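For reference, the chains in residue letters:
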Amino acid sequence: MLGISRRTAMKAAAATVASVAVSVSIVLLLVPMLGGQPDGPGFWMSVLCPLLIAGPASTWQFHQTETIARQRDAIARMHVKLEDAHAELQRLHADLGEKARTDALTGGLNRGAFFAALEEAVAHGRGAMALIVADADHFKTINDGFGHLVGDDALRRIGGLMADTIGSIGIWGRIGGEEFAALLTDTGRSAAIEAAERLRLAVAETKLLADERPVSLSVSIGIACANAPCAPIDLFRRADDDLYRAKSGGRNRIVIDGREVVEIAA
């Protein structure tokens, strides 16, 4: 029969032979026991009936069983593939979600993600916190004098230093062209100043060369401290105002509550 496997044919043949053997045994053994005498037509009927009935029936049954098993295995394999595809889809979705939150140049949070985290922290947090806003000094001069690729490298360097100095104690992100921000929870005034000073010094000590010429890097920093819950816009406005006080006061310095923390020559 078309579509019948060798295994199914062999099993059906074995079943048919067994049926013929049983049928012939009944004719040759049982009929005499009942007082009868097996004749030629009766014997051949005992052979032909199993061949005509058991043969096709066994073949069809084994074929259906094999088909069902084969389909079940195919469904199981497909289920495994679907699970793998679902896991890959989840991974891609997570990657897309992370990329949607991340600044591609520096690796920190982008503006939208950072301010969303800030709003969540100040609205639902408890205790002291500090917002640090830092801006790269003379960044237009770097772009104009060395090119935008060097400017991008400078931003990557600052982002790396933000990750090193802030990443373990808070969250940080790039919120503008050359402007960065960090939120430190459970952090008071003195700890916030220490973190900002580590960042300022790390940037000022960075060695960046372009065409074998040194590129001077520094940041001006504004800090605002508060106890959560508080208004995020007020916290950011205070830090941003102090940032511009730091820049107008000579750059490469830190200002908090309107006062410069350390006097540093520009």
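Details of the structure are given in the entry above.
Described below are features of the structure shown in this document. (Residues numbered from 1 in each chain as written. Predicted model: local features only at pLDDT ≥ 70, side-chain atom pairs only at ≥ 80, totals over all residues. Heavy atoms only, no water.)

Describing the overall build of the chain
Okay, so step 1: Across its full length, the chain carries seven helices and eight strands.
Okay, so step 2: Within the chain, buried positions represent 37% of all 266 residues.
Okay, so step 3: Residue pairs at least 24 apart in sequence account for 66% of intrachain contacts in the chain once pairs closer than 6 positions are excluded.
Okay, so step 4: Of the roughly 15,600 Å² that the chain leaves accessible, carbon and sulfur atoms contribute 60%. (Helix = DSSP H or I, 4+ residues; strand = E, 2+ residues; numbered from the N terminus. Buried < 20%, exposed > 50% of the residue type's maximum accessible area, 1.4 Å probe, protein only. Contact = heavy atoms within 4.5 Å. Areas by Shrake-Rupley, 256 points an atom, 1.4 Å probe, with all protein chains shown as cover.)

Some words on the pairing of strand β1 (residues 127–136)
Okay, so step 1: A large share of β1 lies buried, amounting to eight of its ten residues.
Okay, so step 2: In this sheet, strand β6 (residues 219–228) lies alongside β1 in antiparallel orientation, the contact comprising ten bridges. Each residue of the ladder has a partner; that of G127, found in β6, is A228.
Okay, so step 3: Relative to strand β3 (residues 179–185), β1 is paired through seven bridges, and the arrangement is antiparallel. (Pairing = 2+ DSSP bridges.)

Looking at helix α6 (residues 189–204)
Okay, so step 1: Across its 16 residues, α6 extends 22 Å between first and last C-alpha, which sits within 8% of the 22 Å expected from 1.5 Å per residue.
Okay, so step 2: Among the residues of α6, those classed as buried are A192, I193, A195, A196, E197, L199, R200 and V203.
Okay, so step 3: Packed against the buried residues of α6 are β1, α5 (148–166), β3, β6 and β7 (254–256). (Expected span 1.5 Å × (residues − 1).)

Side note on the nonpolar core
Okay, so step 1: Membership of the largest hydrophobic core comes to 32 residues, with the highest contact counts inside it found for I132, M162, I221 and I223.
Okay, so step 2: For this core, the secondary structure elements donating two or more residues are β1, α4 (139–146), α5, β3, α6, β4 (208–210), β6 and β7.
Okay, so step 3: Sort the elements by how many residues they give to this core and α5 lands first, with seven residues.
Okay, so step 4: When near neighbours in sequence (up to four residues on either side) are disregarded, I223 contacts L131, I132, A192, I193, A196, A239, D242, I254, V255, I256 and D257.
Okay, so step 5: With 20 residues, the next largest nonpolar core counts V122, V133, A181 and L243 among its residues. (Core = buried A, V, L, I, M, F, W, Y, C linked by side-chain atoms within 4.5 Å.)

Some details on the sheet that holds strand β2 (residues 171–174)
In a beta sheet, neighbouring strands are held together by backbone hydrogen bonds and run either parallel or antiparallel to one another.
Okay, so step 1: Across the sheet, six strands lie side by side as β2-β3-β1-β6-β7-β8; this open sheet has mixed pairing. Unpaired on one side and paired on the other, β2 and β8 (259–260) mark the two borders of the sheet.
Okay, so step 2: Across the sheet, helix α3 (residues 111–124) lies against β1, β2, β3 and β6, angled at about 25 degrees from β3, the strand it touches most. (Axes fitted to C-alpha atoms, helices over the stretch in contact; angles between N-to-C directions.)

Here we look at the environment of A181
Okay, so step 1: When you line up the elements, A181 lands in strand β3.
Okay, so step 2: Not counting residues within four places of it along the chain, the set of residues in contact with A181 comprises F114, I132, V133, M162, I171, W172, G173 and I175.

Remarks on unusual backbone geometry
Okay, so step 1: Cis peptide bonds are those with omega within 30 degrees of zero, and the linkage from A228 to P229 qualifies with 0 degrees.
Okay, so step 2: Notably, R251 is not glycine yet its phi reads approximately 70 degrees, a positive angle.
Okay, so step 3: Relative to the assigned elements, R251 resides in the loop between α7 (232–248) and β7.

Description of the side chain of R253
Okay, so step 1: By the element assignment, R253 lies in the loop between α7 and β7.
Okay, so step 2: Among the polar contacts made by the side chain of R253, one reaches the main-chain carbonyl oxygen of R251 at a distance of 2.8 Å.
Okay, so step 3: At 2.8 Å, the side chain of R253 and the side chain of E260 are in polar contact. (Polar contact = N/O pair within 3.5 Å; in protein donor to acceptor, adjacent residues only side chain to side chain.)

Quick notes on the packing of aromatic side chains
Okay, so step 1: Within this structure, the stated rule accounts for three aromatic pairs.
Okay, so step 2: With centroids separated by 5.9 Å and ring planes inclined at 80 degrees, the aromatic side chains of F114 and F115 adopt a geometry described as edge-to-face.
Okay, so step 3: With relative accessibility at 18%, the residue F115 sits in the buried group.
Okay, so step 4: Both rings, one in W172 and one in F180, keep their centres 6.5 Å apart while their planes meet at 35 degrees; by these two values the pair is tilted.
Okay, so step 5: Clustering of aromatic rings is evident, with ring pairs tying together F114, F115 and F236. (Phe/Tyr/Trp six-rings, centres within 6.5 Å; stacked < 30°, edge-to-face > 60°.)

With respect to the pairing of β3
Okay, so step 1: Burial analysis of β3 places six of its seven residues in the buried class, the great majority of the element.
Okay, so step 2: Here β2 pairs with β3 via four bridges, running antiparallel. Looking at β3, one finds that R174 is bridged to F180.

All quantities given are derived from atomic positions and should not be read as evidence of function.
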